[in-house]
Amino acid sequence: MAIVDVTVIPVGTKTPSVSSYVADIQRVLKQYEDKGEIRFQLTPMNTIIEGDLPKLFEVIQAMHEVPFEKGLARVCTNIRIDDRRDKERRMEDKVERVKGMLEE
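Topic: the nonpolar core
Val6, Leu29, Ile38, Ile49, Val59 and Met63 are the most contacted members of the largest nonpolar core, which totals 18 residues. Within the residue set of this core, elements represented by two or more residues are strand 1 (2–11), helix 1 (19–34), strand 2 (38–42) and helix 2 (53–69). Per-element tally for this core: the top contributor is helix 2, with 6 residues. Apart from residues lying up to four places away in sequence, leucine 29 is in contact with Ile38, Phe40, Thr47, Ile49, Val59 and Met63.

Describing the packing of helix 1 against helix 2
Helix-helix packing is described using two parameters, namely the angle between the two axes and the distance between the axes. At a minimum axis distance of 9 Å, the contact between helix 1 and helix 2 shows a crossing angle of 150 degrees. The angle between helix 1 and helix 2 places the two elements in the roughly antiparallel class. Regarding helix 1 and helix 2, the two cross each other, and that crossing is right-handed. On the side of helix 1, the interface is formed by Tyr21, Asp24, Ile25, Val28, Leu29 and Tyr32, while helix 2 contributes Lys55, Glu58, Val59, Ala62, Met63, Val66 and Pro67. Of the residues assigned to the contact of helix 1 with helix 2, the class counts are 10 nonpolar, no polar and 3 charged.

Quick look at the side chain of threonine 47
Within the secondary structure, threonine 47 is located in strand 3 (residues 47–51). Assessed through its relative accessible area of 5%, threonine 47 is described here as buried. At a separation of 3.1 Å, a polar atom in the side chain of threonine 47 contacts the side chain of glutamine 26. The contacts of threonine 47, once residues within four sequence positions are left out, are Val4, Asp5, Val6, Gln26, Leu29, Phe40, Gln41, Leu42 and Met63.

Observations regarding the pattern of salt bridges
Oppositely charged side chains can pair when the atoms bearing their charge come close. Counted by the stated rule, this structure contains 16 salt bridges. Arginine 27 is the partner of aspartate 24 in a salt bridge, and the nearest nitrogen-oxygen pair spans 2.5 Å. Taken together, the residues span about one helical turn, with aspartate 24 and arginine 27 both in helix 1 at a distance of 3 residues. Salt-bridge contacts for glutamate 50 lead to arginine 90; the nearest nitrogen and oxygen are separated by 3.9 Å. Of this pair, glutamate 50 sits in strand 3 while arginine 90 sits in the loop between strand 4 (74–82) and helix 3 (91–103), and the two are 40 residues apart along the sequence. With a relative accessible area of 2%, glutamate 50 lands in the buried category. Members of the salt-bridge network, linked through shared partners, are Lys35, Glu37, Lys55 and Glu58.

Quick notes on a negative patch on the surface
A grouping of Asp93, Glu96, Glu103 and Glu104 is seen on the molecular surface, where their side chains present a negatively charged patch. What makes glutamate 96 partly exposed here is its relative accessible area of 48%.

Analysis parameters
Residues numbered from 1 in each chain as written. Predicted model: local features only at pLDDT ≥ 70, side-chain atom pairs only at ≥ 80, totals over all residues. Heavy atoms only, no water. Core = buried A, V, L, I, M, F, W, Y, C linked by side-chain atoms within 4.5 Å. Buried < 20%, exposed > 50% of the residue type's maximum accessible area, 1.4 Å probe, protein only. Helix = DSSP H or I, 4+ residues; strand = E, 2+ residues; numbered from the N terminus. Contact = heavy atoms within 4.5 Å. Axes fitted to C-alpha atoms, helices over the stretch in contact; angles between N-to-C directions. Parallel < 35°, antiparallel > 145°, perpendicular 65-115°, else oblique. Left-handed = near helix turned anticlockwise from the far one by under 90°. Nonpolar A, V, L, I, M, F, W, Y, C, P; charged D, E, K, R; others polar. Polar contact = N/O pair within 3.5 Å; in protein donor to acceptor, adjacent residues only side chain to side chain. Salt bridge = Lys/Arg side-chain N within 4 Å of Asp/Glu carboxyl O. Patch = residues over 30% accessible without salt bridge, like charges linked within 9 Å, V, L, I, M, F, W, Y side chains within 5 Å. Areas by Shrake-Rupley, 256 points an atom, 1.4 Å probe, with all protein chains shown as cover. Lys, Arg positive; Asp, Glu negative; His and termini not counted. Charge placed at Lys NZ, Arg CZ, Asp CG, Glu CD.

Written as structure tokens, this is what we have:
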């Protein structure tokens, strides 16, 4: 299972606000989550997605398409992938591990 950090950047919007694009992307993610294919977490600066890597690439493409579907002509998407294969862990596990070390 991989963890992916994704930021979709709509270019050429009429206003500086991109929250409507973010909301539409979150709706797409919710559809994948409802089918049990991914888990995701919205943060103030990006979205973290967890799942099998081939499915995550599909999800990232669906996210990338959202601003185009809303009429924009340009979209930039940044992706970071954490794909550890020696053991299974979830997003929360990584955070809890660090918190545990801070308490030592």
